[in-house]
Amino acid sequence: MGVLWSLFTAFFTIGALAFGGGYTMIPLIERVVITRHAWLTMPQFLDVVAIAEMTPGPIAVNTATFVGYQVAGWPGAAAATMGVVMPSLIIALLLAGVFYRYRALPGVQGAAFGLRLAVVALIASAAVAVGRSALLTWRDAAVAGAVVALIRGVKVHPLLVVALAALAGAVSYLLGF
Amino acid sequence: MNLKFEITHDAKGDQGIEKERYKPKAYPPLAAVFWSFAKIGAFMLGGGYAMVPLIRGELVSGRAWLSEDEFAEILGLAQTAPGAIAVNTAVLAGFRLRRLAGALTGCLGVILAPFFIILAIAATFARLDRLPLFKAVFSYVRPAVVGLIVAAALSMARSLLRSWLHLTVAGGLFLAAVALNPHPAVLIALAALCGYLLRRVLPATGGGREDEP
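From a predicted model like this one, the values you see are computed outputs, not experimental measurements.

## Considerations on the overall build of chain A
Phase 1 of the analysis: Each helix and strand in chain A was counted, giving seven helices and zero strands.
Phase 2 of the analysis: Taken over the C-alpha trace, chain A has a radius of gyration of 20 Å; the compact-globule value for 177 residues is 16 Å, which it surpasses by more than 25%.
Phase 3 of the analysis: With respect to the principal axes defined by its C-alpha atoms, chain A has extents near 60 × 55 × 25 Å.
Phase 4 of the analysis: Within chain A, the proportion of its 177 residues that are buried is 53%.

## Re the interface of chain B and chain A
Interfaces are often described in size by the accessible area the parts lose on coming together.
Phase 1 of the analysis: Facing the 105 residues of chain B at the interface are 89 residues of chain A.
Phase 2 of the analysis: Here chain B packs against chain A, burying approximately 8900 Å² in sum over the two surfaces, 78% of which is carbon and sulfur.
Phase 3 of the analysis: Put simply, chain B and chain A have three salt bridges between them.
Phase 4 of the analysis: A salt bridge links A:Arg103 to B:Glu73, with the shortest nitrogen-to-oxygen separation between them at 2.9 Å.
Phase 5 of the analysis: Taken together, the connections running from chain B to chain A amount to 12 residue pairs in polar contact (both at pLDDT 80 or more).
Phase 6 of the analysis: Those elements that place two or more of their residues in the side of chain B that touches chain A are β2 (18-22), α1 (30-43), α2 (51-62), α3 (68-80), α4 (85-124), α5 (132-160), α6 (164-180) and α7 (184-201) of chain B.
Phase 7 of the analysis: The dominant element in the side of chain B that touches chain A, judged by the number of residues it contributes, is α5(B), at 25 residues.

## With respect to α1(B)
Phase 1 of the analysis: The terminal C-alpha atoms of α1(B) lie 20 Å apart, and with 14 residues this matches the ideal 20 Å at 1.5 Å per residue to within 8%.
Phase 2 of the analysis: Within α1(B), burial applies to B:Ala32, B:Val33, B:Ser36, B:Phe37, B:Ala38, B:Ile40 and B:Gly41.
Phase 3 of the analysis: Turning to α1(B), the residues buried within the fold contact α7 (158-175) of chain A together with α2 and α4 of chain B.

## A closer look at the packing of helix α2 (residues 26-36) of chain A against helix α3 (residues 42-54) of chain A
All names here are of chain A.
Phase 1 of the analysis: Where α2 meets α3, the axes come as close as 11 Å, and the angle between the chain directions of the two elements is 140 degrees. In terms of their interaxial angle, α2 and α3 are classed as oblique. Note that α2 runs across α3; the crossing there is right-handed. Contact with α2, carried on its side by Ile-26, Ile-29, Glu-30 and Ile-34, involves Met-42, Phe-45 and Val-49 of α3 and no other residues of that element.

## A word on the nonpolar core
Phase 1 of the analysis: Counting 118 residues, the largest nonpolar core has A:Phe11, A:Ile123 and B:Val87 as its most contacted members.
Phase 2 of the analysis: The element best represented in this core is α4(B), accounting for 16 residues.
Phase 3 of the analysis: Among residues more than four places away in sequence, those in contact with B:Val87 are A:Pro58, A:Val61, A:Val85, A:Ser88, B:Cys107, B:Val110 and B:Ile111.

## Re the confidence of the model for chain B
Residues and elements named next belong to chain B.
Phase 1 of the analysis: In this model, chain B carries a mean pLDDT of 84, and residues with pLDDT of at least 70 account for 84%.
Phase 2 of the analysis: Predicted confidence in chain B is weakest over strand β1 (residues 5-9), with a mean pLDDT of 44, and strongest over α1, with 96.
Phase 3 of the analysis: Low confidence marks residues 1-19, where pLDDT is under 50. Its contacts with residues over four positions away, or in another chain, come to 30 contacts.
Phase 4 of the analysis: Reported confidences for the modelled complex are a pTM of 0.89 and an ipTM of 0.93.

What counts and how
- Residues numbered from 1 in each chain as written.
- Chains lettered and ligands numbered in written order.
- Predicted model: local features only at pLDDT ≥ 70, side-chain atom pairs only at ≥ 80, totals over all residues.
- Heavy atoms only, no water.
- Helix = DSSP H or I, 4+ residues; strand = E, 2+ residues; numbered from the N terminus.
- Rg over C-alpha atoms; globule rule 2.2 N^0.38 Å.
- Buried < 20%, exposed > 50% of the residue type's maximum accessible area, 1.4 Å probe, protein only.
- Contact = heavy atoms within 4.5 Å.
- Buried area = accessible area lost by both parts, 1.4 Å probe.
- Salt bridge = Lys/Arg side-chain N within 4 Å of Asp/Glu carboxyl O.
- Polar contact = N/O pair within 3.5 Å; in protein donor to acceptor, adjacent residues only side chain to side chain.
- Expected span 1.5 Å × (residues − 1).
- Axes fitted to C-alpha atoms, helices over the stretch in contact; angles between N-to-C directions.
- Parallel < 35°, antiparallel > 145°, perpendicular 65-115°, else oblique.
- Left-handed = near helix turned anticlockwise from the far one by under 90°.
- Core = buried A, V, L, I, M, F, W, Y, C linked by side-chain atoms within 4.5 Å.
- pLDDT = per-residue confidence, 0-100.

See below:
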């Protein structure tokens, strides 16, 4: 029980303090999991992050599940995952409650307007940032371009695009190029 | 914007303050909310903003449960809260659709597949990241995710930037984001504050949209 509780509280802290999502959460996870609790060694931790990257789902949640399992089996995985998700649940619920309660007020409408423009800007800048790091060859650029054309032109569902890309990768491997 | 407002007059306040309740445009069954978020969770490869096109494809262009404006607001709010952005987005979108029950359902749905996949990998010590097959798969998935994010950015810009003012402000914020790389929450908070002040200084002049300064 002691281990499960410390898994829960450690990952609760991570979920509550890591702002920005994704990779910005990794240094905090590292500090808690390696430095404070010594649940994993550094090479093990790097393996966990590599696996978390290659499986679906948020990286923080995947890491929590993995570390929890390593430390205390599936109950540990459940405790750590619940811990990392709980602060999101509480804080996002409070945010949603307040925002939708006052959404119709003029001031809040103004704030929502500014927020929407910032989101468009952020997603466009994210496209530039991931493009820089993920489009390394002409083939990468061709795949990305084909996806944009597919989505914009034929209105294919994004989930299908991910599945097709994975299939294309598997086929290219099996055919040997 | 096709949002419905239910206007009720507060009986106690004699100043005639209108209390508007912001109602969702859709009221989907919880099972459908769960299934949507379970699919998003299962296909959410690539991390970070990779989930944006998936959630948008499922909730905005697929099911039409949320308007483009609402989706952008949810994404913005999700980044001002701590924790995984996909989980925050699921909680906020779930709440928008079905209040507390929807928030819990969305949250559970989005972590379901990742949880069991990681559990299976951890239990079998399968080193997927070292298999050449998975490397090949990811060499296609990664650029495809870039394409998805670009397409989502284009669609969102097209439906959200409705005037030269919008285009100019969003363009300025974009350049600031690329050049200065600020924390997303900071950019969002500043933009929201500016929108709030703009609306305060220039109250609705009557001509524009109800929702914009």
